[in-house]
Every structure is written in structure tokens, then in C-alpha cells.
Amino acid sequence: MTDEVTLRDLLNRAHSNTPLEIQLRLQAAETHDDMLKQLERALGLAMANLVRNRKYKQGLSEDQRTVEIVSMLQMAGFPAFHDVKIGGHTDISVEMRDGFLWIGEAKNWTGKSWIFKGFRQLMTRYATGLPGQNNGAVIIYFDQEKAGELLGKWEASLKRLWELTGAIEKVSGLQFNSAHPHKGTGETFRVKHYAVPLYWNPEDS
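Okay, so let's go over this structure. (Residues numbered from 1 in each chain as written. Predicted model: local features only at pLDDT ≥ 70, side-chain atom pairs only at ≥ 80, totals over all residues. Heavy atoms only, no water.)

1. Some thoughts on the overall build of the protein chain
Rule in force here: For the purposes of this entry, the term helix denotes a DSSP run of H or I that reaches at least four residues, the term strand denotes a run of E that reaches at least two, and both are numbered from the N terminus. What the globule rule says is 2.2 Å times the number of residues to the power 0.38, and the radius of gyration is computed from C-alpha atoms. The buried label goes to any residue with under 20% of its type's maximum accessible area, the exposed label to any with over 50%, and the partly exposed label to all in between, with areas taken from a 1.4 Å probe on protein chains only. Contacts are assigned to residue pairs that have any heavy atoms within 4.5 Å of one another. Note that accessible areas follow from Shrake-Rupley with a 1.4 Å probe, and for residues the cover is restricted to the protein chains shown. In this charge count, Lys and Arg are treated as positive and Asp and Glu as negative; neither His nor the chain ends contribute. Charge positions come from single atoms, namely NZ of Lys, CZ of Arg, CG of Asp or CD of Glu.
Within the protein chain, the secondary structure is distributed over 6 helices and 7 strands. Of the regular secondary structure in the protein chain, the N- to C-terminal order runs α-α-α-α-β-β-β-α-β-α-β-β-β. A compact globule built from 205 residues would reach a C-alpha radius of gyration of about 17 Å, and the protein chain, at 18 Å, matches this within 12%. Considered along the principal axes of its C-alpha atoms, the protein chain spans approximately 65 × 55 × 30 Å. The buried share among the 205 residues of the protein chain stands at 44%. Counting contacts in the protein chain only where the partners sit at least 6 residues apart, residues at least 24 apart contribute 55% of the total. In the form shown here, the protein chain has an accessible surface area of approximately 11,100 Å², with 49% of it arising from carbon and sulfur atoms. Taken together, the 25 basic and 25 acidic charged side chains of the protein chain have centroids lying 6 Å from each other.

In C-alpha cells form, the structure reads like this:
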């Protein structure tokens, strides 16, 4: 008989605790892709938590909302930070072992040109394009109605404004993915574009 506890044992015990399961899988990750998968799962939980509590997120700045996401990622065990200098002051950066670096650019929606400004910062200022550093995100906070429709306007604009390495992948009404040649390395840099719908206007009073 042995008292050794395996990863499978721990995962079984964490079946109802998603953040703990994510952290266990992160610790067992063997590749950059494995790390990225768990980071993106944690990011999804953080954004969903913002939306769930959107009543209390009205009138906040981009930084205020983004710091909340960073804090939630940190509580999930990720080395996430706001305003780290990597070619400029990043909104969200996550650095992990073996040279892993992920950068998120976050904007309040005020129109396509404002989102494009953030996208260009991500692609030409922050992203290195090196192996393990070739993924990022554009996170858009929407105070307006019909966030999915507005995200679609950004998607159409991006197709016109920036070179793609393949077709845009439509994940849902609130997410699409794009891939672009990195100007420095020539390698593909992948970007996930997320809509965070924070519209709040109850009509039951």
C-alpha cells in the first residue's frame, strides 16, 4: 500500500473547483500550448465573472476593469501583471517558465479606431513573435447593447486594415480568432478577440 498521490487523484478531488483544476493542469503542463490552454481557460472565467457582476462595473476605466482581471488571474495562480514594460506598458502580461509570454490588450469600446489603436500596440510594440511568445488577446469591454454586433464591426474592420495569415475563425458571437505575420520575425502571431458585455439597464423597476 502506498500513500503517493497522483495527478489523477488530485484532479478527481478538484472536479468541482475549476480554478484548482486549471492550476493543477498548469503545473503538469509540458509545452507552451498546454500552458496557453490553461491560461485561456482562467481568462474566460475572469471575464465571465466581470459580466456576472456587471451591475457593479459601470463607469469604470479600462485600467480599473483590467486590474480586476489581472487580480483574478493571480488568485488562480498565474503570474499575471498590469502595466509591465515590454516594449511599452502592457495591459496584461503573463510570463511563465521556458520563455512563455502572453500579452493582452484591453479597451473600452468607443469605436473601431480605438480598438485598432490597441491592436497595433499589441502587434508592433508588445509582441516579440518569438517561440512561446506568439499568442495574445484583444479584450473589449462593451457598455453598449448588442456587444456581438459591435464585435462584428471590429472583425470586418480588422480584415480591411491588417494582413492575415489565414481566415478569421468565428468562435462564437462574442469571440473570433485571427492570425497575422509578425513584422519582426515573420512568424505567425495569433490573437483572440473577446467581447465582454457589461451593458446594464434593468427594466423591472
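The rest of the description comes next.
2. Some words on helix H6 (residues 147-161)
The line we're drawing: Expected span of a helix: the number of residues minus one, times 1.5 Å.
End to end, H6 covers 21 Å across 15 residues, agreeing with the expected 21 Å (1.5 Å per residue, within 8%). What H6 keeps buried is the set Ala 147, Leu 150, Leu 151, Trp 154, Glu 155, Ser 157 and Leu 158. The inward-facing, buried residues of H6 contact helix H5 (112-126), strand E4 (135-142), strand E5 (169-172), strand E6 (175-181) and strand E7 (188-197).

3. What to know about the nonpolar core
Condition: Here, nonpolar core means buried Ala, Val, Leu, Ile, Met, Phe, Trp, Tyr and Cys residues that are tied together by side-chain atoms lying within 4.5 Å of each other.
Judged by nonpolar contacts, the single largest core of 29 residues is most densely connected at Ile 69, Leu 73, Phe 78, Ile 92, Trp 102, Ile 139 and Tyr 141. Elements with a minimum of two residues in this core: helix H2 (18-27), helix H3 (32-52), helix H4 (62-75), strand E2 (92-96), strand E3 (100-108), E4 and E7. Here this core takes 8 residues from H3, the largest share from any one element. With residues up to four places along the chain from it excluded, the contact list for Ile 69 reads Leu 43, Ala 46, Met 47, Leu 50, Ile 92 and Tyr 141.

4. Digging into the layout of surface pockets
What counts here: Only protein atoms enter the calculation, which uses a 1 Å grid: trapped sets of points that fit a 1.4 Å probe without letting it out are cavities, open sets showing protein on both sides within 12 Å along at least five of seven lines are pockets, and any residue with an atom within 4 Å of a point is a lining residue. Grid points are joined across faces, edges and corners, and a volume is the space filled by probe spheres set on the points. Just so you know the grouping, Ala, Val, Leu, Ile, Met, Phe, Trp, Tyr, Cys and Pro go in nonpolar, Asp, Glu, Lys and Arg go in charged, and all remaining residues, Gly too, go in polar.
There is about 180 Å³ of room inside the largest pocket. What lines the largest pocket is Pro 19, Ile 22, Ala 42, Leu 45, Ala 46, Asn 49, Met 72, Met 75 and Ala 76. Of all the secondary-structure elements, those providing two or more residues to the lining of the largest pocket are H2, H3 and H4. Ranked by residue count, the leading element in the lining of the largest pocket is H3, at 4 residues. Of the residues assigned to the lining of the largest pocket, the class counts are 8 nonpolar, 1 polar and no charged.

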